[in-house]
Amino acid sequence: MSYTSLALSGVALAVVADLFILRTRLLRRKAFWTSYAIILPFQLLTNWWLTSRFIVSYNPNDILGKRLAAAPLEDLLFGFSLILAILSLWVYLGRKGFAPRKTR
Amino acid sequence: MKHLGYLAMLLFTICGSFWLEIVLRVGVLRQVKRLVITIVPVALIFIAWDAYAISRHHWFFDPKQILGVHGPFHIPLEEYLFFLIVPIAAIMTLEAVRTRRPGWVIGDEQVQE
């Protein structure tokens, strides 16, 4: 499988986990999209650092070739699926009693 | 200094997010158990992806710009740290949004009377 198809699968898996498996439905929450909007510029910046300096390089046969801030477009999907999966599981565990209790 | 290229990115990520623990008191690092159960399963999947991608040469690392320490599956140490630091940074961001926008529902709110 190419990086492109794996990246699309990663996003699909994270979306299914959030909406249907863990049922955290972060994709429908303002708090998630606000967090992602904060994280995204940092992802672009750190990715740019890693790719423009060739700290990490990609096989041109395994990516579409479209790039954003030096990094292949697939990296955006990779980052999105990582962030969604992590935050979904975090919130799921919070719901299961792992969140610190607050007093009103 | 060049071998610190990848590590610098990780340190930047720590600097950019961990201050939220002190200034906004997001309390993420205190929830060790929840952090471990969140990060371990997701990191395992992404490490498997990383191992596959490295073995198939989807991506590769400049040996001059990493520390040169490799873990299992020829994955550089920095990659393992990436899957620890980036998740913590993302969680801190979500918790920071929670502290600044208490009215926004995240889905795990628990209020004890």
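Definitions and limits used
Residues numbered from 1 in each chain as written. Chains lettered and ligands numbered in written order. Predicted model: local features only at pLDDT ≥ 70, side-chain atom pairs only at ≥ 80, totals over all residues. Helix = DSSP H or I, 4+ residues; strand = E, 2+ residues; numbered from the N terminus. Buried ≥ 20, exposed ≤ 12 C-beta atoms within 10 Å, placed from the backbone. Contact = placed C-beta atoms within 7 Å. Nonpolar A, V, L, I, M, F, W, Y, C, P; charged D, E, K, R; others polar. Pairing = 2+ DSSP bridges. Core = buried A, V, L, I, M, F, W, Y, C linked by C-beta atoms within 7 Å. Axes fitted to C-alpha atoms, helices over the stretch in contact; angles between N-to-C directions. Parallel < 35°, antiparallel > 145°, perpendicular 65-115°, else oblique. Left-handed = near helix turned anticlockwise from the far one by under 90°. Expected span 1.5 Å × (residues − 1).

Draft legend 1. Structural detail: the overall build of chain A. A count of helices and strands for chain A gives three helices and four strands. Along its sequence from the N terminus, chain A presents helices and strands in the succession α-α-β-β-β-α-β. Counting only C-alpha atoms, chain A reaches 55 × 25 × 20 Å along its principal axes. Counting the 104 residues in chain A, one finds 43% classified as buried. Sequence separation of at least 24 residues holds for 66% of the intrachain contacts in chain A that already meet a minimum separation of 6.

Draft legend 2. View of the interface of chain A and chain B. At the junction of the two partners, chain A supplies 41 residues and chain B supplies 42 residues. Elements supplying a minimum of two residues to the side of chain A that touches chain B: helix H1 (3-21), helix H2 (30-52), strand E1 (56-58), helix H3 (73-98) and strand E4 (102-103) of chain A. Sorting elements by how many residues they give to the side of chain A that touches chain B places H3(A) first, with twelve residues. Here the residues of the side of chain A that touches chain B are counted per class, giving 24 nonpolar, eight polar and nine charged. With three bridges joining them, E1(A) and strand E1 (residues 59-61) of chain B adopt antiparallel strand pairing. Considered in E1(B), the bridge of A:Val56 is made with B:Phe61.

Draft legend 3. Focus on the nonpolar core. Core analysis: the biggest nonpolar cluster contains 55 residues, and A:Ile86, A:Leu87, B:Ala90 and B:Ile91 have the highest contact counts within it. Elements that contribute at least two residues to this core include exactly H1, H2, E1 and H3 of chain A together with helix H1 (5-17), helix H3 (32-55), E1 and helix H4 (77-100) of chain B. The element contributing the most residues to this core is H3(A), with 13 residues. Beyond its immediate stretch of four places on either side in the chain, B:Ile91 contacts A:Ile86, A:Leu87, A:Trp90 and B:Val28.

Draft legend 4. Structural detail: the packing of H2(A) against H4(B). Two elements in contact, H2(A) and H4(B), have axes whose closest approach is 9 Å; the angle formed by their N-to-C orientations is 125°. Relative to H4(B), the element H2(A) lies oblique. Relative to H4(B), the crossing made by H2(A) is right-handed. The segment H2(A) lies against H4(B), with A:Ala31, A:Thr34, A:Ser35, A:Ile38 and A:Ile39 engaging B:Ala90, B:Thr93, B:Leu94, B:Val97 and B:Arg98. The class makeup of the residues in the contact of H2(A) with H4(B) is six nonpolar, three polar and one charged.

Draft legend 5. Structural context of H3(A). Taking 1.5 Å per residue, 26 residues should reach 38 Å; H3(A) reaches 35 Å between its end C-alpha atoms and fits that length. Burial analysis of H3(A) places 19 of its 26 residues in the buried class, which makes it a mostly covered element.

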